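What follows is each chain in one-letter form.
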Amino acid sequence: MRLLTFALSLFIIIPAALVFGVAYATASAYISPAPSSVSRPPDLPFVVEDVSFMGGDDVTLRGWYTPPSNGVVIIVLHGYDSNRLSMMFHAEALTQAGYGVLMYDERGHGMSDVTQRSFGWRDVEDVGGALAFLDGKRCAGEGKTCVRTVALVGCSIGGQIGLRAAAHYPEIRAVLADGPAIVSAADLPPADGLKPSTIWDSLIDRFLELRLGTAAPAPVVEVIDEIAPRPILLIAGAAGKELEPIRYYRERAGDKAQIWEVPGATHCDGPSVAPEEYARRMVAFFDEATSS
């Protein structure tokens, strides 16, 4: 009997230890820095200025700034494990339409500082640093390159950060979130019973809290309705796995939110699947949102 009890204990303890070990390693990978070299493409179709500014907890963020010709600047946020170069499609389409852009490497990415990433948890304050930088570009009168309005576009984790930042900073006029990621397991759509994926995400949340030394912030679904009456455009790949959670965001966002489900797209690949329609919808959204 003792031998059987020991065998059963091993049968439980070893798989549990393996699951916890993999979850801890996954959380550690999420917050490990992802530096990369960023240089201007030789065929860059718009002029940029190298800039840096302070984000939350005094982290230095580095990026490019292009002044507007219509008085509106769009803050551009990239996805995880990436840098500002992954958002060149958005920046080019927006600058061609007269918008200014501020595109920067998020904390722990590209050429920005910090020894940890935060899965977006601490990045909302970095958007506050971007807004403070743009405040310095405001000027009196009707100068076309003066900043009078700020909006935001983000992909994946950048979309998650953008939605939370718009809820926190009322000066952000509108937000386009393409494939916005979850903050924590609390952002997952309700389900009958516990799903293994929900248990896994909850375990990751606990290890992220341990490694980052902070509690998980409020999930997107709890704050997205605070953006209203400012408009939201959510974009989801109709062929991907993100459709259900982004539809859930749409339900929680209120009447000013709209969703575009891109046929044939998976995650943040709308610019390659339907480039002309994507650019048209994006520019039209910001035109309407910032016209007044």
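Chains are numbered independently. Their residues run from 1 in the order of the written sequence. Owing to the predicted nature of the model, reporting of local features is limited to residues with pLDDT of at least 70; listing and counting of side-chain atom pairs is limited to 80 or more, with chain, interface and lining totals taken over all residues. Derived side-chain values reflect all non-hydrogen atoms in the structure, with water molecules and hydrogen atoms excluded from consideration.

Caption draft 1: Summary view of the overall build of the protein. What the protein contains, in helices and strands, is nine helices and 10 strands. Expected size for 292 residues packed as a compact globule is a radius of gyration near 19 Å; at 21 Å, the protein falls within 12% of this value. For the protein, the C-alpha atoms occupy an extent of roughly 85 × 35 × 35 Å along the three principal directions. Burial analysis of the protein (292 residues in total) assigns 51% to the buried set. Every residue pair with non-hydrogen atoms within 4.5 Å of one another is taken to be in contact. Relative to all contacts within the protein whose residues are 6 or more apart in sequence, the contacts with residues 24 or more apart total 73%. Helix numbers and strand numbers start at the N terminus; a helix is a DSSP run of H or I with at least 4 residues, a strand a run of E with at least 2. We compute the radius of gyration over the C-alpha atoms and compare it with the globule rule, which gives 2.2 Å times the number of residues raised to the power 0.38. Here the term buried applies to any residue with accessible area under 20% of the maximum for its type, exposed to any over 50%, and partly exposed to those in between, with areas from a 1.4 Å probe on protein chains only.

Caption draft 2: Examining the pairing of strand E8 (residues 172–178) more closely. Among the seven residues of E8, six are classified as buried, and the element is accordingly described as predominantly covered. Two strands pair if DSSP finds at least two bridges between them. For strand E7 (residues 149–155) and E8, the ladder comprises five bridges, and the chain directions are parallel. If you follow leucine 152 over to E8, its bridge partner there is valine 175. For crossovers, right-handed means that the path from the first strand over the helix to the second runs clockwise, given strands pointing away from the viewer. Read from E7 through helix H4 (residues 157–168) to E8, the crossover connection turns out right-handed. As judged from the four bridges shared by E8 and strand E9 (residues 232–237), these two strands associate in the parallel manner. Bridged to leucine 176 within E9 is leucine 233.

Caption draft 3: Quick peek at the packing of aromatic side chains. Pairing of aromatic rings covers Phe, Tyr and Trp, the last through its six-membered ring, and needs centres within 6.5 Å; plane angles under 30 degrees mean stacked, over 60 mean edge-to-face, and all others mean tilted. For the structure shown, the criterion picks out 10 aromatic pairs. Residues phenylalanine 53 and tyrosine 104 carry aromatic rings whose centres are separated by 5.2 Å and whose planes lie at 85° to one another, so their mutual orientation is edge-to-face. Of this pair, phenylalanine 53 sits in strand E2 (residues 49–54) while tyrosine 104 sits in strand E5 (residues 100–104), placing them 51 residues apart in sequence. Both residues of the pair, phenylalanine 53 and tyrosine 104, belong to the buried class. Seen from their ring centres, tryptophan 260 and tyrosine 278 are 5.8 Å apart, and the 55° between their planes marks the pair as tilted. Of the two residues, tryptophan 260 sits in strand E10 (residues 257–262) while tyrosine 278 sits in helix H9 (residues 275–289), which places them 18 residues apart along the sequence. Residue tryptophan 260 shares its accessibility class with tyrosine 278, and that shared class is buried. The rings of Phe53, Tyr65, Tyr104 and Phe133 are connected pair by pair, giving a single aromatic cluster. Geometrically, a lysine NZ or arginine CZ counts as sitting over a ring once it is within 6 Å of the ring centre and also within 35 degrees of the ring normal. Arginine 117 extends its terminal NZ or CZ atom over the ring of tyrosine 80, reaching a point 4.3 Å from the ring centre.

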